[in-house]
Amino acid sequence: MNIVSKDVNYAVEITGNGDPLVLLHGFTGNRDTWKFLIPLLSDRYTLIMVDIIGHGMTASPADHRRYELENVAEDIKYILDVLHFPKAHILGYSMGGRLGLGFACLYPEYVDTLILESASPGLLTEEEREIRRGNDRKLAERILANGMEAFVDQWENIPLFESQKRLSAKTRSAIREQRLANDPAGLSNSLLGMGTGSQASYWEQLQTLDFPVLLVTGELDHKFCRIADSMKKKLKRAEWKIINGAGHAIHVEVGEKFGKIISEFLKRNRRRN
């Protein structure tokens, strides 16, 4: 279905029954990222799979300011309002994890539980954010100048995704096709508006969150393991799972194991009303 929030047409796929679970994909992904969870969770949860602004079948506005995390978090709130869900479980991966955490900090009353896969609360200092904004701006310019194929060739070979090279040719091809299907202007503006350098830091807000949080990182993703370790120390009600043999995209590399961890966490933290 399509839901229009402040003139942005969002592509949203809804399936299943039970408490709502909002699923937020990473940069260059789309809602199909989460299809593997349907047979695992849809008998107990209503899965709300969203193409984030600039990705998939959702619109790609020309003004990068429309992509700012606070604006997109408000869109997620509006989508839940339209669907008449006053609260939901939130699961986000990487960029979607940053969005999910931002949503949880801005609208904690909407959150039952929060699951963050390979995600960060942002950069601590303005100096770090300025450097990252410069890097994101250069990448955004390259996407527009060189096109999607050249960008995806580069993106799939960054160190963060090194462990994905062990996946089957069929799986790697599907990931590549998903990335290529995006709009270059949408990805470029996503980097400028919602990149790690552009978002506010949510480190200080972590201690205010009073609902169960699950942090999931891959053993081979040392950077995000360090981030999760620091996050867990600040969160009141956090669990942290390190997945052996996995890198950044755990749901891709060991989908069945990831799904089981998510299912067990949600089962332990289901509503009692």
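Above this text is the structure in question.
Just so it is clear, the model here is predicted, and its values are computed rather than measured. Here, residues in each chain are numbered from 1, in the same order as that chain's written sequence. In view of the model being predicted, local features appear only for residues whose pLDDT reaches at least 70, and side-chain atom pairs are presented and counted only at 80 or more, with totals across whole chains, interfaces and linings using the full set of residues. Side-chain measures here rest on the full set of heavy atoms in the structure, leaving out hydrogens and waters.

*Asks:* I'm lost on the pattern of salt bridges in this one. Help?
*Replies:* For side chains bearing opposite charge, pairing can occur when the charged atoms are close. Each reported salt bridge corresponds to a side-chain nitrogen of Lys or Arg within 4 Å of a carboxyl oxygen of Asp or Glu. Scanning all chains against the criterion turns up 19 salt bridges. Residue Lys6 is joined to Glu74 by a salt bridge in which the shortest nitrogen-to-oxygen separation is 3.2 Å. Within this pair, whereas Lys6 is found in the loop between β1 (2-5) and β2 (8-16), its partner Glu74 is found in helix α2 (residues 69-82), the two being separated by 68 residues in sequence. A salt bridge links Asp136 to Arg132, with the nearest nitrogen and oxygen atoms 3.2 Å apart. Highlighted residues: Asp136 and Arg132, both in helix α4 (residues 126-146), separated by 4 residues, approximately one helical turn. The classification of residues rests on relative accessible area computed with a 1.4 Å probe and restricted to protein chains. Under 20% of the type maximum is buried, over 50% is exposed, and intermediate values are partly exposed. A relative accessible area of 6% means that Asp136 is categorised as buried. For the purposes of this entry, the term helix denotes a DSSP run of H or I that reaches at least four residues, the term strand denotes a run of E that reaches at least two, and both are numbered from the N terminus.

*Asks:* For this particular structure, what's the right way to read the packing of aromatic side chains?
*Replies:* Each aromatic ring pair is characterised by the separation of its centres together with the angle its planes make. Pairing of aromatic side chains here covers Phe, Tyr and the six-membered ring of Trp, requires ring centres within 6.5 Å, and sorts the geometry by plane angle: under 30 degrees stacked, over 60 edge-to-face, intermediate tilted. Counted according to the given criterion, the structure contains 8 aromatic pairs. Plain terms: the ring middles of Phe27 and Phe151 are 6.2 Å apart, the flat faces sit at 70° to each other, and that makes the pair edge-to-face. With Phe27 in the loop between β3 (19-24) and α1 (38-41) and Phe151 in helix α5 (residues 148-155), the pair connects residues that are 124 residues apart, well separated along the chain. Classification of Phe27 as buried rests on a relative accessible area of 14%.

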